[in-house]
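Fold and contact review
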Amino acid sequence: MNPEDVTSPPSAPSSAAPDPATPRAETRRLEVGGARDEEAPIVQGHAVTLRGLNAYYGETHAVKDVNLDYAANRVTAMIGPSGCGKSTLVRCINRMHEEIPGARATGEVNLDDLDLYSDGVDVVSVRRAVGMVFQKPNPFPTMSIYDNVAAGLRLSGTRGVNVKERVESSLKGAGLWEEVKDRMGQPGIGLSGGQQQRLCIARTIAVEPEVILMDEPASALDPISTLKIEELILELKRRYTIVLVTHNMQQAARVADTTAFMLNGELVEHASTEKIFSNPDDERTEQYVTGKFG
Amino acid sequence: MTTLPAVSARRRITDRFMRSLMLVLTIVAIVPLILILYYLIREGIGAWNADFFTTDPTGRFLGDPGGIKSAIWGTIVMVALASLIAIPIGVGVALYLVEFGKQGTFAKIVRYFVDVMTGVPSVVFGLFIYIVLVVTKVGGTFAAWKGSVALSLLMLPVVVRSSEVVLNLVPDSLREGALALGAPRWRVTFRVVLPSALPGLVTGSLLAVARAAGETAPLLFTAAFVFGTQFDLSQRMNSLPLQIFNDVSQAQDRLVQRAWGAALTLVVLVLILSLVARLVQRRSRLA
């Protein structure tokens with residue numbers, strides 16, 4: 001890959017494969033003077049495409065031959081009843097699925113045109129390129145607020161970064177800076193649930209991934225914290241490609257550009273959120289979104 | 001108005017009987033403990049004075065029998081060396097079992113042998129070191145470091161098992177959170193898992209130390225018995241359990257009383273260790 005490609009003029013968003021091992025390609029798109037498009041990307045994100053993805057837990061076939069395109073700088077919601085494989089599918093994108101004993105996955109997960117499952121791809125680099133926010137906030141209990149955010153950099157061995165500045169910008173990016181700037185030395189687990197989850201988001205964006213996976217990030221939170229997370233997701237998509245697993249269909253309707261419906265490990269339908277909730281092609285999708293099952 | 005049946009007489013009687021039974025059994029279990037402490041203090045406290053802790057046993061048949069200074073220092077030195085050997089290895093084995101070996105065949109075999117080691121009587125460890133290191137005259141015959149090795153063998157399975165339990169208490173969500181940030185597994189282990197488990201690891205290790213401090217058999221044929229205080233690990237070294245063992249078998253009341261005093265000292269040392277372990281445990285974020 002020619003290094004010129006990733007620093008190409010902003011007018012032509014790079015389609016070159018980002019190498020997960022190299023720092024994030026900051027391909028900035030200049031906003032046209034006077035344009036007030038609040039959703040315009042600030043940093044060009046990267047697309048993820050799944051081709052023939054299968055995932056197993058031992059003998060259980062949890063994800064069945066899924067083909068799916070996640071557009072850059074878009075929020076894609078994954079909906080479906082419990083156990084339909086949506087979390088498993090998302091965990092295949094950053095190869096966390098294989099951490100579970102007996103679990104394996106086959107098929108392709110392409111970040112732009114790099115297959116994350118091909119030989120020679122370091123799983124550690126994959127996870128730096130594809131960040132993840134979990135259902136239950138999981139700040140590191142032995143670390144302060146500051147160290148929790150810096151942990152992303154320290155744990156991944158990132159060098160040559162001003163940690164202090166990165167911590168501040170990440171906390172601002174996660175909308176938590178104003179609430180914690182005077183108590184950075186206090187333990188991260190002393191924060192409220194919603195704050196903890198935003199701390200985890202700050203920790204994730206501190207590594208500057210290409211894609212952020214969110215596995216029901218608000219399901220353990222109260223409505224106001226949920227609202228803050230949703231606003232944050234809309235802000236984050238200007239820099240990142242976001243995959244959002246959710247049980248909450250209103251949430252999908254509020255924040256997602258496109259929505260994918262899964263059932264029994266299969267992808268039933270993927271279309272614009274508006275279409276999924278108003279006029280889906282598949283009968284099962286309609287039954288699910290109208291609350292007839294699941 | 002709704003009425004619900006009252007508690008039947010039979011249930012009330014059974015309840016009272018079972019509660020009383022459990023109370024009696026609890027008291028039966030505590031009585032020996034209290035008696036031990038009572039006799040230890042009653043017989044041992046009389047032996048305690050400044051000279052008792054600051055002089056070595058003289059070994060003279062008549063006159064002043066001396067104190068237990070050499071025994072206290074010997075126990076501290078040998079247990080410290082044993083801890084230096086057993087704790088790093090034990091925690092390392094536990095880390096391997098929990099973080100890397102998991103349910104693999106090799107991990108299962110290791111776990112089985114650790115369990116077997118836990119059940120091996122301490123005298124067997126003493127004999128083993130006697131045969132392997134003392135009889136073969138590796139660096140002389142009886143030596144303090146050989147006693148430490150025997151003690152460390154005794155401590156090892158205790159450290160491994162307690163550390164394994166504590167490491168298993170570290171929630172997987174923390175490991176996943178760290179791995180998802182792009183951390184290699186060794187960094188997850190050292191930067192996230194170990195610090196989270198540290199208080200529990202300290203507690204488990206201190207309990208193993210306390211256990212080793214009270215063992216007689218592993219030292220009997222390895223470090224042997226000597227009167228004077230010395231810190232040369234290649235020489236014979238005295239220890240509290242051996243001092244007690246020797247004194248109790250003497251026919252003189254003064255020596256038997258010294259044994260009581262030494263026993264009380266040993267119990268107080270172990271008690272202090274247990275208290276420290278408790279304090280550390282209380283600060284744990286996991287328990």
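Structure: above.
Now for a quick tour of the structure. (Residues numbered from 1 in each chain as written. Chains lettered and ligands numbered in written order. Predicted model: local features only at pLDDT ≥ 70, side-chain atom pairs only at ≥ 80, totals over all residues.)

Attention shifts here to the nonpolar core. Counting residues in each nonpolar core, the largest one holds 150 residues, and the members touching the most others are Met78, Val243 and Leu244 of chain A together with Met155 of chain B. Every residue in contact with Met155 of chain B, bar those within four places of it in the chain, is listed here: Ala82, Ala86, Ala208 and Ala212 of chain B. (Core = buried A, V, L, I, M, F, W, Y, C linked by C-beta atoms within 7 Å. Buried ≥ 20, exposed ≤ 12 C-beta atoms within 10 Å, placed from the backbone. Contact = placed C-beta atoms within 7 Å.)

Another aspect to go through is the pairing of strand S6 (residues 130-133) of chain A. Residue and element names in this part refer to chain A. Burial of the side chains of S6 extends over both faces: Val130 and Met132 are buried on one face and Gly131 and Val133 on the other. In this sheet, strand S7 (residues 211-215) lies alongside S6 in parallel orientation, the contact comprising 4 bridges. By the bridge assignment for S7, Gly131 is matched with Ile212. (Helix = DSSP H or I, 4+ residues; strand = E, 2+ residues; numbered from the N terminus. Pairing = 2+ DSSP bridges.)

With that out of the way, let us pick up helix H4 (residues 145-155) of chain A. With respect to burial, H4 of chain A is a largely interior element, 9 of its 11 residues being buried. Of all the positions in H4 of chain A, only Ile145, Asp147, Asn148, Val149, Ala150, Ala151, Gly152, Leu153 and Leu155 of chain A are classed as buried. If you follow the buried residues of H4 of chain A, they end up packed against helix H5 (163-173), helix H6 (177-180) and helix H7 (193-206) of chain A together with helix H7 (172-180) and helix H8 (185-213) of chain B.

Quick look at the pairing of strand S9 (residues 258-263) of chain A now. All names here are of chain A. Of all 6 residues making up S9, 6 are buried, and the element is well covered by its neighbours. Burial along S9 is two-sided: Thr258, Ala260 and Met262 and Thr259, Phe261 and Leu263, pointing in opposite directions, are all buried. In the sheet, strand S3 (residues 75-79) pairs with S9 via 4 bridges, with the strands oriented parallel. Within S9, the residue paired with Thr76 across the bridge is Thr258. Across 6 bridges, S9 lies against strand S10 (residues 266-272) in antiparallel orientation. Looking at the pairing, Ala260 lines up with His270 of S10.

Residue and element names in this part refer to chain A. Strands sit in the order S2-S1-S4-S5 across an open sheet of 4 strands; the sheet is antiparallel. Here the strands that pair on one side only, and so sit at the sheet edges, are strand S2 (60-70) and strand S5 (114-115). As paired elements, strand S1 (residues 48-57) and strand S4 (residues 103-111) share 8 bridges and run antiparallel to each other. Bridged to Tyr56 within S4 is Arg104. Running at roughly 115° to S1, helix H2 (residues 86-93) makes contact with S1, S2 and S4 of the sheet. (Axes fitted to C-alpha atoms, helices over the stretch in contact; angles between N-to-C directions.)

Attention shifts here to H8 of chain B. An ideal rise of 1.5 Å per residue puts 42 Å on 29 residues; H8 of chain B reaches only 36 Å between its terminal C-alpha atoms. At Leu198 of chain B, H8 of chain B is bent by approximately 55°, the largest bend along its length, and proline Pro199 of chain B sits one to four residues beyond. (Expected span 1.5 Å × (residues − 1). Bend = angle between axes of the 7 residues up to and from the residue.)

Turning our attention to the sheet that holds S6 of chain A. Residues and elements named next belong to chain A. The 6 strands lie next to each other as S6-S7-S8-S3-S9-S10, forming an open sheet whose pairing is mixed. Each of the sheet's edge strands pairs with one partner strand only, and the pair in question is S6 and S10. Across the sheet, the axes of successive neighbouring strands diverge by a mean angle of 20°, strand direction being ignored. As defined by bridge partners, S7 adjoins strand S8 (residues 241-245) across 5 bridges and the pair is classed as parallel. Counted as the bridge partner of Met214 is Leu244 from S8. Strands S3, S6, S7, S8 and S9 of the sheet are contacted by H2, whose axis makes an angle of about 150° with S8.

Without other data, these values stay purely geometric and don't point to any function.
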